[in-house]
Amino acid sequence: MAPEPSVEIRPENPTDGFTIETLTRTAFATHPMSDHSEQFIIAGLRKAGALSISLVVLLKEPILKEAIVGHIAFSPVTLSDGTTGWFGLRPLAVDPIHQGLGIGKALVKAGLDRLKNRSTNGCVVVGPKAFYGRFGFAQHEGLKLDGIPPEYYMAMTFAENIPVGTVAYHAAFGAVE
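The following refers to the structure shown.

Right, let's get into the sheet that holds strand 7 (residues 143-144). Ordered by their spatial adjacency, three strands build an open sheet running 4-9-7, and the pairing between neighbours is mixed. The open sheet is flanked by strand 4 (78-79) and strand 7, the only strands paired with a single partner. Bridging between strand 4 and strand 9 (residues 165-168) involves two bridges; their strand directions are antiparallel. Bridged to Thr78 within strand 9 is Ala168.

All of the buried residues along helix 2 (residues 38-48) are Glu38, Gln39, Ile41, Ile42 and Leu45. Taken down its axis, helix 2 places every buried residue within 160° of arc, on the same side. Looking at the packing, one finds that the buried side of helix 2 touches helix 1 (17-28), strand 3 (66-76) and strand 5 (86-94). Positive backbone phi, at 70°, marks Gly49, one or two positions downstream of helix 2.

Further remarks concern the pairing of strand 5. Among the nine residues in strand 5, eight count as buried, and that is most of the element. Note that strand 3 and strand 5 share six bridges and pair antiparallel. Along strand 5, the bridge assignment pairs His71 with Ala93. Assessed by its sense of winding, the connection that carries the chain from strand 5 through helix 3 (residues 103-117) to strand 6 (residues 122-126) is right-handed.

The next thing to look at is unusual backbone geometry. Cis geometry is adopted by the peptide bond preceding Pro91, which originates at Arg90 and carries an omega value of -5°. Within the fold, Pro91 resides in strand 5.

Let's shift gears to helix 3. Here helix 3 contains 15 residues, and its C-alpha end-to-end distance of 21 Å stays within 8% of the 21 Å for a straight helix at 1.5 Å per residue. Here helix 3 has its buried residues at Ile103, Gly104, Leu107, Val108, Ala110, Gly111, Leu112 and Leu115. Once helix 3 ends, the next one or two residues include Ser119, with phi positive near 60°.

A few words now on the side chain of Asp95. With respect to the element layout, Asp95 can be found in the loop between strand 5 and helix 3. Of the buried charged residues, Asp95 lacks a salt bridge, with Arg25 as the closest side chain of opposite charge at 12 Å. When neighbours within four sequence positions are excluded, Asp95 is seen to be in contact with Leu23, Thr26 and Val69.

Moving on to the sheet that holds strand 1 (residues 6-11). Read from one edge of the open sheet, six strands run 1-2-3-5-6-8, paired in mixed fashion. With partners counted over all chains shown, the strands left at the sheet margins are strand 1 and strand 8 (153-157), one partner each. Taking the axes of each pair of neighbouring strands and ignoring which way they run, one obtains an average angle of 25° across the sheet. Relative to strand 6, strand 5 runs parallel, the two being bridged by four bridges. What sits directly across from Leu89, in strand 6, is Val125. Here helix 3 sits on the sheet in contact with strand 1, strand 2 (53-60), strand 3, strand 5, strand 6 and strand 8, set at roughly 140° to strand 2.

Rules behind the numbers
Residues numbered from 1 in each chain as written. Predicted model: local features only at pLDDT ≥ 70, side-chain atom pairs only at ≥ 80, totals over all residues. Heavy atoms only, no water. Pairing = 2+ DSSP bridges. Helix = DSSP H or I, 4+ residues; strand = E, 2+ residues; numbered from the N terminus. Buried < 20%, exposed > 50% of the residue type's maximum accessible area, 1.4 Å probe, protein only. Arc of directions from axis to C-beta. Contact = heavy atoms within 4.5 Å. Right-handed = clockwise from strand over helix to strand, strands pointing away. Expected span 1.5 Å × (residues − 1). Lys, Arg positive; Asp, Glu negative; His and termini not counted. Salt bridge = Lys/Arg side-chain N within 4 Å of Asp/Glu carboxyl O. Axes fitted to C-alpha atoms, helices over the stretch in contact; angles between N-to-C directions.

Structure (structure tokens):
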């Protein structure tokens, strides 16, 4: 019987950029809500020094080489009410061959744990409630993101209150190449 592969979550390193770009492009290739700019967003955040948390899942197979099969990015967001210390979780990518194995769930948990350890105030996310709701993300009427239907926009507070206002992601989220 062949040994089982092992999985490691670690921060991205300087040599991971191309692999993360390829993984992200592949993961979002058929996503119905994607404009296929996610890899450019990550590169823009990295270049601007705004990629606050960038984690990869490394699959280590006994016979094969190690492979990055998942990535998650967190970057600072601004709020119109002046609240600080908030971050956006976006994007999250898992290689399609490895989806459904808990890799995305492990990345979200690891990333949120790191955010909480930094004494941040909260995190926002764009995505399905069925997935992100299990981590504590919920819709909040007073917190908005222009252009995103409310059912796909959620927040989680690590402090006392959810701010009221409009959220803006980093300028890199406008990247198209």
